[in-house]
Amino acid sequence: MNSHVTTAVIRNTAKPAPKRTPPRLLQVVKSERISAHMQRITLAGEAIKGFPDDRNGAHIKVFLPLAHQDKPVLPTLGPTGVIWPPKEEKPITRTYSVRKYHPEREELEIDFVLHGADSPASGWALKAEPGDFLGVAGPGGPDPLLAPADWHIIAGDMTALPAIAALLEELPEHATGYVFIEVTDETEHQPLVTRSAVEIHWLYRGNLVAGKSTLQLDAIKQIEKPVNIKTMSAWVAGENSAVVNIRNYLKSKYGLTKKQLYAVPYWRYGFNEEGYHEERHRVMDEKY
Ligand SMILES: Cc1cc2nc3c(=O)[nH]c(=O)nc-3n(C[C@H](O)[C@H](O)[C@H](O)COP(=O)(O)OP(=O)(O)OC[C@H]3O[C@@H](n4cnc5c(N)ncnc54)[C@H](O)[C@@H]3O)c2cc1C
């Protein structure tokens with residue numbers, strides 16, 4: 001009998017679509033104040049297993065417990081999409097950034113701006129203690145978060161600082177450009193680590209209300225692209241008006257396309273997340 005068998009190996013070269021992971025129920029293991037109004041919350045738990053270690057700075061959803069709950073009731077993934085718990089148990093949802101995932105310790109750090117004790121997420125972070133529960137879904141958002149280039153403009157306020165700190169840690173040595181971070185004053189400084197050659201500038205808003213200054217746009221208007229630069233990309237996040245004004249300026253001055261320009265409003269002055277969510281998506285969906 002002829003035992004010769006020919007086997008054909010068919011290799012699928014396309015990158016497989018990432019499998020959606022259901023929201024994870026995690027617990028606080030540490031809560032520390034890293035600057036006057038920034039609280040770093042470290043989360044861990046069995047459900048963190050498999051969290052990717054190459055998405056620092058990426059978007060995540062957090063699910064907060066309601067006033068009568070210790071643990072948030074998390075949505076689940078059904079065959080046709082997300083299944084939410086009934087209204088009386090539906091968690092409060094906010095969007096945050098992965099500050100850093102530590103695979104060796106299986107711990108996730110999220111930095112929360114403390115802008116008010118009465119706002120759900122900021123108020124939760126202010127009081128968070130080891131053992132408290134938080135739901136986390138993601139990470140998601142553009143990958144890479146910053147389009148690779150020789151020269152970058154990166155700007156944001158304190159809500160963007162966790163993602164900016166993560167971006168800086170990833171930038172290669174040859175990357176150049178400018179980073180503008182708007183805060184109230186030097187009490188909001190935190191150490192930033194980068195091997196790149198970008199210039200980091202802290203901009204002080206002083207007594208001006210968050211979301212009511214033009215400091216970042218004014219600073220960006222002062223810089224010029226060096227003549228020898230071949231590729232550039234920009235990254236802007238923070239309060240709605242600041243982001244939209246900077247985005248419009250960068251588009252007209254440098255002709256940046258959507259691929260080269262991440263411009264995402266993270267919050268809007270005078271609106272909570274429920275009131276602003278749809279408008280953010282309208283801004284993000286604008287074509288350019
Ligand atoms: C992709 C993405 C990533 C984000 N990453 C982070 C992050 O890593 N860290 C972080 O702190 N935030 C981050 N944010 C912003 C955060 O989601 C908003 O600030 C959110 O509104 C906070 O929820 P809250 O419950 O505290 O306040 P809300 O209930 O949403 O708002 C209550 C009131 O507070 C005001 N407000 C909201 N945020 C601020 C602020 N920062 N300063 C002053 N007033 C404010 C609102 O205008 C409103 O009047 C991110 C947002 C997006 C879209």
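Residues numbered from 1 in each chain as written. Predicted model: local features only at pLDDT ≥ 70, side-chain atom pairs only at ≥ 80, totals over all residues. Heavy atoms only, no water.

Give me the sheet that holds strand β9 (residues 133–140): which residues, what numbers.
If you walk across this open sheet you meet the 7 strands as β6-β3-β9-β1-β2-β8-β7, and the pairing is antiparallel. The open sheet has two edge strands, β6 (92–97) and β7 (100–102), and neither has a second partner. Strand-to-strand, the axes of this sheet are offset by a mean angle of 35 degrees, without reference to chain direction. Of the pairings in the sheet, the one linking strand β3 (residues 59–64) to β9 comprises 4 bridges and is antiparallel in character. Counted as the bridge partner of Lys61 is Ala137 from β9. (Pairing = 2+ DSSP bridges. Helix = DSSP H or I, 4+ residues; strand = E, 2+ residues; numbered from the N terminus. Axes fitted to C-alpha atoms, helices over the stretch in contact; angles between N-to-C directions.)

Now, about the pairing of strand β11 (residues 176–183): what can you tell me, with residues and values included?
Most of β11 is tucked away: 6 of the 8 residues are buried. As paired elements, strand β10 (residues 151–156) and β11 share 6 bridges and run parallel to each other. Opposite Trp151, over in β11, you have Thr176 as the bridge partner. Between β10 and its parallel partner β11, the chain crosses via helix α2 (residues 161–170), and the hand of that crossover is right-handed. Across 6 bridges, β11 lies against strand β12 (residues 199–204) in parallel orientation. Each residue of the ladder has a partner; that of Glu182, found in β12, is Leu203. (Buried < 20%, exposed > 50% of the residue type's maximum accessible area, 1.4 Å probe, protein only. Right-handed = clockwise from strand over helix to strand, strands pointing away.)

Break down the confidence of the model for the chain for me, with residues and values.
Predicted coordinates in regions of low pLDDT should not be interpreted in detail. Across the chain, the average pLDDT comes to 93, with 93% of residues at 70 or higher. The low-confidence segment residues 1–13 (pLDDT under 50) makes 0 contacts with residues lying over four places distant or belonging to another chain. (pLDDT = per-residue confidence, 0-100. Contact = heavy atoms within 4.5 Å.)

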